[in-house]
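What follows is each chain in one-letter form.
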Amino acid sequence: QVQLVESGGGLVQAGGSLRLSCAASERTFSTYTMAWFRQAPGEEREFVAALILTKSTYYADSVKGRFTISRDNAQNTMYLQMNSLKPEDTAVYYCAAKKNYPSMFGSPNAYDDWGQGTQVTVSS
């Protein structure tokens, strides 16, 4: 089991930026597919972005062009750079991990390990 700890959330005005971090305990971090999901109050958890092993990146249409997912395997850390934030980006953001390649990387059910979440609030 991989221990995941998110950080970097906070309150920001619309149009601002935040960078989330997800620190992983796993030494073989580079062999995991990593992803970000978010969940707003009363809503289901939704896919934000995924980084398949160390290669391909995928984004939800709602964040494409504004968010960037990346990882530093030497530091066992994943990042989500969020620019041009909108009030509708307000949610608890979770990082998730799955060994190797999940068949449906956009589904929360595909991931085995989750962080505790970090709150992002964007004011208008």
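Sequence order sets the numbering: in each chain, residues are counted from 1 along the sequence as written. Per-residue local features are limited, in this predicted model, to residues with pLDDT of at least 70; the limit for side-chain atom pairs, both in listing and counting, is 80 or more; totals at the level of whole chains, interfaces and linings are taken over all residues. For the side-chain quantities, the full set of heavy atoms in the structure was used; hydrogens and water were omitted.

> I tried to follow unusual backbone geometry on my own but got confused; where do I start?
In most cases, non-glycine residues show a negative phi, while peptide bonds are predominantly trans. The residue N76 is not glycine, and still its phi comes out positive at about 50°. Going along the chain from the N terminus, every DSSP run of H or I of four or more residues is numbered as a helix, and every run of E of two or more is numbered as a strand. Examined against the element boundaries, N76 turns out to sit in the loop between β7 (67-72) and β8 (77-82). Accessibility expressed as a relative area gives 15% for N76, which makes it buried. Even without being a glycine, N100 presents a positive backbone phi close to 60°. Here N100 lies in the loop between β9 (91-99) and β10 (113-114). Relative accessibility decides the category of a residue: with a 1.4 Å probe and only protein chains considered, values under 20% of the type maximum give buried, values over 50% give exposed, and everything between is partly exposed. A residue is classified by how much of its surface remains accessible, and N100, at 42% relative accessible area, is partly exposed.

> What is the right way to look at the side chain of T77 in this model?
Here T77 is to be found in strand β8. Here T77 falls in the buried class, since its relative accessible area comes to 9%. Polar contacts, as used here, are pairs of N or O atoms within 3.5 Å; protein pairs need one atom able to donate a hydrogen and one able to accept it. Residues neighboring in sequence count only if both atoms are side-chain atoms. At a separation of 2.8 Å, a polar atom in the side chain of T77 contacts the main-chain carbonyl oxygen of Q75. Pairs of residues are marked as contacts when any of their non-hydrogen atoms sit within 4.5 Å. If sequence neighbours within four positions are ignored, T77 has contacts with S21, C22, A23, F29, R71 and D72.

> Mind showing me how you'd approach the pairing of strand β11 (residues 118-123) here?
Remember that side chains alternate between the two faces of the sheet whenever the strand is regular. Side-chain alternation along β11 places T118, V120 and V122 on a buried face and Q119, T121 and S123 on a face that remains uncovered. What makes two strands pair is DSSP finding at least two bridges between them. Direction of pairing for strand β2 (residues 10-13) relative to β11: parallel, over a ladder of four bridges. Its bridge partner lying in β11, L11 is registered against T121. With three bridges joining them, β9 and β11 adopt antiparallel strand pairing. By the bridge assignment, A91 is partnered in β11 with V120.

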